[in-house]
Amino acid sequence: MPRPADDLRRDALRIWHAGVDAVRSRRLVAETLKVDGPDLLIAGERIELAGVDRIAVVGAGKAGAGMAAAVEKALGPGLLEEKQVTGW
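Residues numbered from 1 in each chain as written. Predicted model: local features only at pLDDT ≥ 70, side-chain atom pairs only at ≥ 80, totals over all residues. Heavy atoms only, no water.

Got a minute to help me understand the overall build of the protein chain in this structure?
A tally of regular secondary structure across the protein chain gives three helices and five strands. Starting at the N terminus, the α and β elements of the protein chain follow one another as α-α-β-β-β-β-α-β. Since a compact globule built from 88 residues should have a radius of gyration of about 12 Å, the 19 Å found for the protein chain marks it as more spread out than a globular shape. Oriented by its inertia axes, the alpha-carbon framework of the protein chain measures out at about 65 × 25 × 20 Å. Counting over 88 residues, the protein chain shows a buried share of 19%. Sequence-distant contacts in the protein chain: of pairs separated by 6 or more residues, those separated by 24 or more amount to 55%. Surface exposure of the protein chain reaches about 6800 Å², of which carbon and sulfur atoms provide 60%. Of the charged side chains in the protein chain, 13 are positive and 13 negative, and the gap between their average positions amounts to 9 Å. (Helix = DSSP H or I, 4+ residues; strand = E, 2+ residues; numbered from the N terminus. Rg over C-alpha atoms; globule rule 2.2 N^0.38 Å. Buried < 20%, exposed > 50% of the residue type's maximum accessible area, 1.4 Å probe, protein only. Contact = heavy atoms within 4.5 Å. Areas by Shrake-Rupley, 256 points an atom, 1.4 Å probe, with all protein chains shown as cover. Lys, Arg positive; Asp, Glu negative; His and termini not counted. Charge placed at Lys NZ, Arg CZ, Asp CG, Glu CD.)

Right, dumping it as C-alpha cells:
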C-alpha cells in the first residue's frame, strides 16, 4: 500500500534538513579551527601563535557570515585584538 503524502513530505523534509545541517559553515569551522594553549589548530595543523603578529581572514559567498562568526568565537576577544585580526 502506498504511503500517505504527509509521511512522504515529512520524510523529504527530514532528509533535506539533515543535508543542510551537515554543511553548516559555522559548525564546520568550529570543528576545524581551535585554539590550544599557545597554538592555533587548523584541521589538525598546529601553528604557534607566538610567531604570528597578524591574522587575515578572507571569505566569500553565502557561508561567509557563519564562517566569520565561528572564527571570531574560536579566537575569542583577546586574540582578535592581540593578533590584529582583520577580514574581508
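Quick question: what am I supposed to make of the layout of surface pockets here?
Rolling a probe over the atoms, with the probe sized like a water molecule, indicates the empty space that remains. In this structure, the largest pocket spans a volume of roughly 320 Å³. Considering the residues around the largest pocket, the lining is formed by 19 residues, among which Val57, Val58, Met67, Ala68 and Val71 are closest to the centre. Those elements giving two or more residues to the lining of the largest pocket turn out to be strand 2 (39-42), helix 3 (64-82) and strand 5 (86-87). For the lining of the largest pocket, the leading source of residues is helix 3, giving seven residues. (1 Å grid on protein atoms, 1.4 Å probe; cavity = no way out; pocket = protein on both sides within 12 Å on 5 of 7 lines; lining within 4 Å. Points joined across faces, edges and corners; volume = space filled by probe spheres on them.)

Honestly, it's all geometry; don't read function into it.
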